[in-house]
Amino acid sequence: MLLVTCPYCGPRPEIEFRQAGEAHIARPAITCSDDEWADFLYMRDNHKGYMRERWRHVAGCGRFFNVVRHTVTDKFVASYKVGEEKPAIPAEAAAGPRVEIVR
Amino acid sequence: MSETATRLSAFAGLTLPAVRNRLSVTVAPDAIRYSLRGSPAAAAALGAVFGPVPSTTACRATSAGDRAALWLGPDEWYLLAPDGDAAALAASLSAAIDEPHALVDISHRNVGLILKGPRAADVLNGACPLDLSETAFPVGMSTRTLYAKAEIILWRTGLDTFRVEFWRSFAGYIVGLIAENAREHAV
Amino acid sequence: MSRFRTEAGGRVKRDKVLSFTFDGVAYQGLTGDTLASALLANGVHLVGRSFKYHRPRGIVTAGPEDQNALITLRRDAARETPNLRATQVELYQGLEAESQNRWPSLKFDVNAINGLASSLFVSGFYYKTFMWPRSFWKNVYEPRIRAAAGLGKAPAKADPDRYTSRYVHCDVLVIGAGPAGLTAALAAKEAGATVILADEGAEFGGSLLGDAVTTIEGKSTDAWMSDVVMNLAMSDKVRMLARTTAFGYFADNFVALVERVTDHLAAPSDALPRERLWQVRAKQVILATGALERPLVFPENDRPGIMMAEAGRSFLNRYGVKVGLRAVVFTATDSAYRAAIDLKQAGVDIQLIADLRARPPADVVDEALACGLTVRAASTLCGTQGGLRVSAAEVGEVNGDLTIGRKEVVDCDVVLMSGGWTPNINLHSQSRGRLIYNETTQNFLPGAPGYDNVSIGACKGTYDLSATMNEGYAAGEAAARASGRKGGMKKGFSSLGGLAMGGGHLGVVPHDRDPGRVKAFVDFQHDVTAKDIKLATREGFQSIEHVKRFTTTGMATDQGKTSNMNALAIAAKAIGKAIPEVGLTTFRLPYTPTTFGNFAGTARGDLFDPIRKTPMHDWAAAQGAPFENVALWKRAWYFPKAGEDMHAAVNRECKTVRTTVGMFDASTLGKIEVVGPDAAEFMNRMYVNPWTKLEIGRCRYGIMCRDDGFVYDDGVVGRMAADRFHVTTTTGGAPRVMNLMEDYLQTEFTDLKVFLTSTTEQWAVIAVQGPKAREVLAPLVEGIDIGKDAMPHMSVREGRICGVPTRLFRISFTGELGFEVNVPADYGQGVLDAIWREVREAGGCAYGTEAMHVLRAEKGYIIVGQDTDGTLTPDEAGVGWAVGKAKADFLGKRGLMRPDLTGPSRKQLIGLLTVDPKRVPDEGAQLVASAAPAKGSHALGHVTSAYWSENLGRSIAMAQLENGRARLGETVYITSLTGAAFPAVVADPIFYDKAGARIDV
C-alpha cells in the first residue's frame, strides 16, 4: 500500500485516497472548438515516467490535490495544493543494469 | 393531535463487545452534531460563541467543557455539543458569523462509539490503517479515516480512549467488526 | 526410543511424548519436533510423490524451503489443509497428517507409470502431446491431467476458522531472527527504536538453533540466544513475532507478515484466529533472511533419503534425530564437513565424504580426517540405487577432463548433499532492489535497495558468524538513527565456531550416464530435470523467464528458492551465455504459500461489505418484507401478505397506491445540503436546470450531466432558503454526485462561496403516495398547511410531525398525490409507526421498491442507471424540457453541442406496448426490425424497464430505440431468451394519466 502525502494531513495510507486522473487539464471555455473539447473530455497522457496527477483524500480531509508520481516505480516526489505552483519534474535517473557484476 | 415520536438508536438490537480489563465499548450519548464548513475566519467567529475555537492545525480537535470542534479538513469542522435544540443553537451560532459558511445539523446522521482500555488501539488497528501510537496519534488528534470499508471520524480523547463517529447505517457493520477484532483479546 | 533418536541433546522435550498419525499409521514424537523430524525419528523418509512422474519423495530440507515434504493436515472434515511443509508443521498431540499425490497408497502409486512414459511428459508436454483430436482436450485430456496432477486437494467445506489482521507501525522491522536479525533487533532497540522482529520458526535463533559447538561472547549459543531473546522480550518497544512469515514486500515499506497463531496447538481456543495478518508499515526494514543450501544436480538425486547436509545436521542438533545410520556425504562446499563431523560424533556411520572439488581447503579436510572421516576429493555421484529409500550411491572419480574414472558402489541409507549456499534475496527482490552478481562466489546478492531497507548476514553473502553479528548490530543501530531515533553505540561480537560456508557448484555435476535418459532433478516438486532445461533452450527459449514457464521449474511453492540457481546455470551453459545475461526470474509473493483465509481476514459473511440499513429496516423485516440490495443498502422489496407470492403482493401494492394510499421507505435517497451565498449559481452550473428563479419553498426535478453531456444523476431539489438547497440524488449515485460537486467546487468553480454537506443519513424519509395521502398526514402534521393551494405539487415546508421537526416535501414518484416526510433519522421509526396507523385506517398498505418501480414506469419516470446508461442526453432520456438553454454554462452544455450528439440515429427513450398484452419482455432484451432478422443485422435498441402493470391490465416497457420518437406507432420486435422475437408497438412512455390530473389534487 502506497504512502501518499496529503498536503494538508501529511503521509497517509493509499486506501484513504482516490486517484482522479491527470492533473492540470483546464476546462476550456464554451466557445472552444469540437477538437479542443474532445481533447478535454477524452485525451489523457499516460507515459512511463513522472506524471502530474490529481488525487483526493476522500477518506480524510476531502481535498483534491496534485502530485508528481512515477508511473513505473510508483514513487511520489511531490504533493501540492490546487493553485500552488507546479514543482519541477525531476530528471529521470539513468536506468542502470538490472544486475551489476562484481568479482 | 398525535403523541410525540420516540427516538430509536441506530444501535438498537446490537450487542456491544467488551473484554474485561482490556476494552469497553459504549455508545456515545445523543448529541448535537454539526458540520461546519467555511473559512478559518468563519470558524474563529463561531468559536467565540461556541466555546472551543476550531483548530486551524490539521487533524486537531479542541474542546471546552462538553463541547468540541474536530478539524476534518481545511474548511471543515465537526462540532459536538450536548443534546438539545439543534436548530436553535445553529441559528444563534450562525448569527455570530459574518463570513460565508454552512452550519448543517447532522445530529442524526452520525452516531458515536467510545472505545476505552489498553486494547482499544489494537482493536481499532484491526481495521484502521493509521499509526495509533501516542507519538503519531496523540491525545487530541482527530481525523476522518477508514475502519475497513467504512468511513469513520477518529478522535483520541485519552491515552487509551478513542471516540469513533460514523454514519448511522454503518452501525451494524462497525460494531460487528469491532467485536470480531476484539475477540482475540479475551485470550 | 527409536534407534534414530539420539540419547540426549537437541531442543526437543524428551519427557513430553506426543502421538500422531501419518497416512493412518500411529507414531510417537516429542514436544519440539516438527512433523518432519518426528517422522525421521521413526525412520520414515518417504512422505510424498512428485507432481508429474509420481516418483517417491522424501524430506530434503529442515526448513520452509522444502519442496517435497508437502502433506495434508487434517483436524476435521472442514479443516483439511493441503500443501503444508512437514518441515514447518509443529507436532501436537493427536496430529493427523496424510501424504499427497498418490493413489492408492504412498508406497504403491499407479500413476508412477508416468515415469516409464516420461518421454511423453517432457517439458511443455501440455502444449505438444495432447493436440489431437481437438475435442479430446476438453473432455479427455484436461480432466485426466487435472485429476492426476496437482498438489494436494482443497477442502470441500467452508473454512470454519477465523482470521484477523492488524495494521502496525514501527521504526525498524527485522525479518529473520538468526544471528544477524537478533543483533540488529538488539541494536535498534538499544538505540531507542520501536522494533518488530519476525521469524518463521517457532523459536528465535535461526541457524544458531542447530549449532551445538559454537560459542558467542564466551557463552554457548543456547545461553547467548536466550539472553538476547529475553532482553528483547522484556522491552515494550519490541514486538516479537514467532511463527511469522514475511511473505510480501510492498511499496513504501509496507510488509505483509502472516502469523500462524493456532496451527501448532492441539486444542486452540475458539477466540483465537488461526492466522493473523500483520500489515506493517516500517520506517526501515532489515532483511536478515539467511541463505538456503542448494541441492547438487546428479543422476537419481531425488530418492528418499537424499537430503541437504545442513538439514541432516539441523535434525540432529535441534531435534535429536539421526536421519540415517549409514551416510554418504556429497558436497561442493565446506559446510557439509561440519554436518559429517556432527553426525559421526552422534554415532552415524559416515561412509565417506565425496567432495566435487579437486582441492578442498586443507584446514576443512584436516579437521575431518582428524575426526576419523574418509574424504575423497574430485569425486562425484554418478547415480543412486534404491526404491522407496536410497540404498547405495555410485561414487566416481572425476578426471581432469571431467570424465569419470574409477567407480564404486557405496551402501548407505542416507546421502547428505551440499551444492553451496544461495543468499535468500527473495524479499530484497520483491522490494524492487537491484542485484549484484558475484562471479567468484557465483551468487546473486542484494544491490541498491528499492525502498528503505538493508540486507545483512547470509542473505547478503556474509557467512562468517562474528562478521554477521557485527553487521547486524551496525545495521540495527543505523536503522534506528535513520528512523529518527537518537542512535546507540558501536559494538563488536566475538564468536568461536560458526559454519564455514565456502565453495559451491552450479548446474549438473560431472557423471558418466547418458544425459538424454538419466534423471538429474533440478526442481523435485515439478519433476524438472537438467534434461528438461536443456530441451527448453534447444526449443529456443533464451530468457530464464521463458524457460521457467516452459519447464515449470521454480514455480508453485518453491518460487525458485532451491531450484533457481541450478536451473539458471544449466540454461546459461546450454545457451552459451554468462549467468547474469540469462537473467534471474522475478521473485513473487507470497514467499511461502499463504492461506486464502489470511487474505480474506474478517471480510466474510455479513462483514464482507458494509450492509447499510435504514432506520425503519427492522420494522420492514418484521412485516415479512424481503430486501433487495441497492448499492450497499438493503431496501424492502415488497410486503407479502399471508399466501401471497411476489407478483400478487406487488400487484396489490400498485393497485392500493392508485386507489387509496401507500407508504414507502425512501430513506436511502442521497441528500446533499448545498449552502452559501452562491448556492443558486452553483446549482445552475452543476445541473442542466435553471435555479435562480426557483422560489423558496418550491422544488424542481433536477438533471445532472457530466461535461460529456450524458445524464449522470437526477433528483428533486427543494429550495429551503435563498442560500440553501436540499438536493436529493439517486440511492446509488449519492457518493459520486457528492464527489463530482466537490471536484468542481474545489478545482473549477473556485470563485463560488458554496459549501456541501451530505445529509443522506440525517433524514429518514417516508413517502406517502395515493389519493388519500393528505388525509393520512393531516392529523400528524403541525404548523404546515398541507392543503391543495397552500402546499401545491413540487413544494417543501418546514414544520413538525408527531412532535418532531420535519422537512415535508409534496412530490410524487408515482403520479399520485404524494408527500415525502423527512424527519431526523432516529425519529424515523416513531413517525412511521404513526403514519402506518393512519395508512391502515385509510385502507392503504406499505409498498416496496418493486411496486415503486412499476408505479413510476406507468408514469414514464426514468431511473438513472437503469433507463439511462451513460450514453443518453437529457433530451434522449425524455427530460430535455429540464435543460436551461439560456444559461451561459453548465456541466454538459458544451458537450451537448458535439456534432455526434446532435446527428441522426441517436437512441431515444420510448415506451413499448407488446402486441400480446400478457407478455412481459426481458429487461436488456434487444430490439430488432423483424421477427427473424438476418444474421448480422444490428440491434435498434434495447429494453431498459419492463413490468406487468396490474393497474393497466397489461405489460409495459421502456426502451432505448434508434430515432425512437419518430417511430411512434411502428412495430419493433423484442428478442427473447426462450423463443422467437415478438412484436411490440412503439409508444409514448407515459402509460397512465398522461394529463397528470391525479397528481394535482
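Quick note: structure is the one above.
From a predicted model like this one, the values you see are computed outputs, not experimental measurements.

The rules behind the values
- Numbers given to residues run from 1 along each chain, matching the order in which its sequence is written.
- Here chains are named by letter from A upward and ligands by number from 1 upward, in the order in which they appear as written.
- This being a predicted model, a pLDDT of at least 70 is required before a residue's local features are given, and a value of 80 or more before pairs of side-chain atoms are given or counted; all residues contribute to the totals for chains, interfaces and linings.
- Side-chain measures were taken over the full set of non-hydrogen atoms in the model, leaving aside hydrogen atoms and water.
- In this text, helices come from DSSP runs of H or I with a minimum length of four residues, and strands from runs of E with a minimum of two, each type numbered from the N-terminal end.
- Only protein chains enter the accessibility calculation, which uses a 1.4 Å probe; a residue is then buried when its area is under 20% of its type maximum, exposed when over 50%, and partly exposed in between.
- By the convention used here, residues are in contact when the closest approach between their heavy atoms is within 4.5 Å.
- Note on areas: these come from Shrake-Rupley sampling with a 1.4 Å probe, and a residue is covered only by the protein chains present in the view.
- For any pair of parts, buried area is found by adding up, for both, the accessible area (1.4 Å probe) each one loses once the two are put together.
- Here, a salt bridge means any side-chain nitrogen of Lys or Arg that lies within 4 Å of a carboxyl oxygen of Asp or Glu.
- We define a polar contact as two N or O atoms separated by no more than 3.5 Å, with the added condition that, inside protein, one atom must be a possible hydrogen donor and the other a possible acceptor, whereas residues neighbouring each other in sequence contribute only through side-chain atom pairs.
- Polarity classes work like this: nonpolar for Ala, Val, Leu, Ile, Met, Phe, Trp, Tyr, Cys and Pro, charged for Asp, Glu, Lys and Arg, and polar for all others, with Gly in that last group.
- Patches in this entry comprise residues that are over 30% relatively accessible and not in a salt bridge; like charges within 9 Å are linked, as are nonpolar side chains (Val, Leu, Ile, Met, Phe, Trp, Tyr) within 5 Å.
- To pair, rings of Phe, Tyr and Trp, with the six-membered ring standing in for Trp, must have centres within 6.5 Å; the planes then decide the type, stacked if under 30 degrees apart, edge-to-face if over 60, and tilted in the middle.
- For a ring to carry a charge above it, either NZ of a lysine or CZ of an arginine must fall within 6 Å of the ring centroid while also lying within 35 degrees of the normal to the ring plane.

(A) Geometry of the overall build of chain C. On a plain count of helices and strands, chain C comes out with 24 helices and 51 strands. Considered along the principal axes of its C-alpha atoms, chain C spans approximately 115 × 70 × 55 Å. The 1001 residues of chain C split such that 61% are buried. Partitioning the intrachain contacts of chain C with sequence separation of at least 6 by distance along the chain shows that 67% fall at a separation of at least 24. On chain C, roughly 37,000 Å² of surface is accessible, and the fraction owed to carbon and sulfur atoms is 53%.

(B) Broad picture of the interface of chain C and chain B. Taken together, the contact pairs 51 residues of chain C with 46 residues of chain B. Roughly 4,300 Å² is buried in total at the junction of chain C and chain B, and carbon and sulfur atoms are behind 55% of that figure. For the pair chain C and chain B, the interface holds nine salt bridges. A salt bridge links Arg276(C) to Glu184(B); its shortest N-O distance comes to 2.4 Å. Inspection of the chain C/chain B interface yields 23 residue pairs in polar contact (both at pLDDT 80 or more). Within the residue set of the side of chain C that touches chain B, elements represented by two or more residues are β8 (163-175), β35 (670-675), β39 (755-758) and α21 (828-841) of chain C. Top contributing element to the side of chain C that touches chain B by residue count: β8(C), with five residues. Considering only residue class, the side of chain C that touches chain B consists of 22 nonpolar, twelve polar and 17 charged.

(C) Spatial organisation of a nonpolar patch on the surface. Residues Trp103(C), Phe108(C) and Val110(C) make up a contiguous nonpolar surface patch of roughly 360 Å² in combined accessible area. If you trace the backbone, Phe108(C) turns up in the loop between β7 (95-99) and α2 (125-128).

(D) Local environment of the packing of aromatic side chains. Residue and element names in this part refer to chain C. Going through the model one piece at a time under the given rule, you end up with 24 aromatic pairs over all chains. Relative to Phe 444, the ring of Tyr 437 lies with its centre 4.8 Å away and its plane at 55°, an arrangement referred to as tilted. Residue Tyr 437 is classed as buried on the basis of its relative accessible area, which comes to 3%. Between Phe 664 and Tyr 847, the ring centres sit 5.0 Å apart and the planes meet at 15°, which makes this aromatic pair stacked. On the criterion of sequence distance, the pair formed by Phe 664 in strand β34 (residues 662-665) and Tyr 847 in the loop between β45 (845-846) and α22 (849-858) is long-range, its members being 183 residues apart. Classification of Phe 664 as buried rests on a relative accessible area of 7%. Residue placement shows Arg 919 over the ring face of Phe 982; its charged tip is 3.8 Å from the ring centre.

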